[in-house]
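This is what each chain is made of:
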Amino acid sequence: VRGNLIVSGDVPGTYKLPNNLTVSGILNISGTDMEELPKGLQVKSLNMMYTSIKKLPNDLIVEELFAGYSELQTIDNLQQKEFERLRLQGTSITSLPDGLTVRILLDLAECSNLQKLPDYLSAFLLNIRRTPISDIPKHLNANELAWIDTPLYEKFTDQALVDEIVYNGGSPPRLRDIRTK
């Protein structure tokens with residue numbers, strides 16, 4: 001499909017997309033009754049927010065994944081480890097793969113089952129607000145970390161690990177330029 005493909009959740013029924021589907025733009029299945037994605041799916045941007053999809057096909061190729069508040073439980077099975085944006089807020093994710101790289105935004109806010117971040121994680125902006133994360137992994141590389149309302153924030157606020165706490169017009173503090181060894 002050249003361009004975008006929007007599957008409306010307003011029409012009752014269960015949808016099934018064909019295997020080996022390629023969408024050059026956005027695939028929006030948000031709010032549908034869809035329970036699985038097809039094998040061989042390639043898409044620039046996938047919006048699957050508020051769906052019942054629990055697992056992604058391991059051969060999925062996607063630049064931007066918007067899966068917030070879906071029933072997604074894992075992305076560990078994905079062969080792909082690099083994304084432009086990865087929004088998993090409010091999901092039941094319990095872990096992320098080591099070596100995960102997100103060039104712009106990794107949003108894990110309200111992922112109440114996510115206990116720790118993976119080693120060698122890289123993200124320009126990492127949002128872990130309202131998660132139980134309490135430690136920084138090996139080799140974390142993040143330009144900004146939104147971490148208020150986490151055990152990690154309480155643990156490290158006054159320690160040398162924090163280079164700079166930045167308050168931008170009353171917004172929550174963010175850890176800037178995190179580099180660990």
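> Account for the confidence of the model for the protein, naming residues and giving values.
Atomic detail in the predicted coordinates should be set aside for any region of low pLDDT. For the protein, the mean per-residue pLDDT works out to 85, and 82% of the residues sit at or above 70. Here strand 9 (residues 165-166) stands out as the element of the protein with the lowest mean pLDDT, 40, in contrast to strand 4 (residues 61-66), whose mean of 98 is the highest. A low-confidence stretch, residues 159-174 stays under pLDDT 50, and its non-local contacts, those more than four residues away or across chains, total 35 contacts. Residue range residues 176-181 is modelled with pLDDT below 50. Its contacts to residues more than four positions away, or to other chains, number 24 contacts.

> How would you sum up the pairing of strand 3 (residues 42-47)? Please name residues and give values.
Inspection of the sheet shows strand 2 (residues 22-28) paired to strand 3 by 5 bridges, in the parallel sense. Each bridged residue has a counterpart across the sheet, and for Asn-28 the counterpart in strand 3 is Asn-47. Where strand 3 and strand 4 come together, 5 bridges link them in parallel fashion. Residue pairing for strand 4: Val-43 is matched across the bridge by Val-62.

Conventions used here
Throughout, a residue's number is its position along its own chain's written sequence, starting from 1. pLDDT decides what is reported in this predicted model: residues at 70 or higher carry local features, side-chain atom pairs at 80 or more are listed and counted, and totals for whole chains, interfaces and linings draw on all residues regardless. The basis for the side-chain values is all heavy atoms of the structure; hydrogens and waters are excluded. Scored between 0 and 100, pLDDT is the confidence that the predictor attaches to each residue. Only DSSP runs of H or I reaching four residues or more are called helices, and only runs of E reaching two or more are called strands; each is numbered from the N terminus. Should any heavy atoms of two residues lie within 4.5 Å, those residues are counted as being in contact. DSSP bridges decide pairing: two strands pair if at least two such bridges lie between them.

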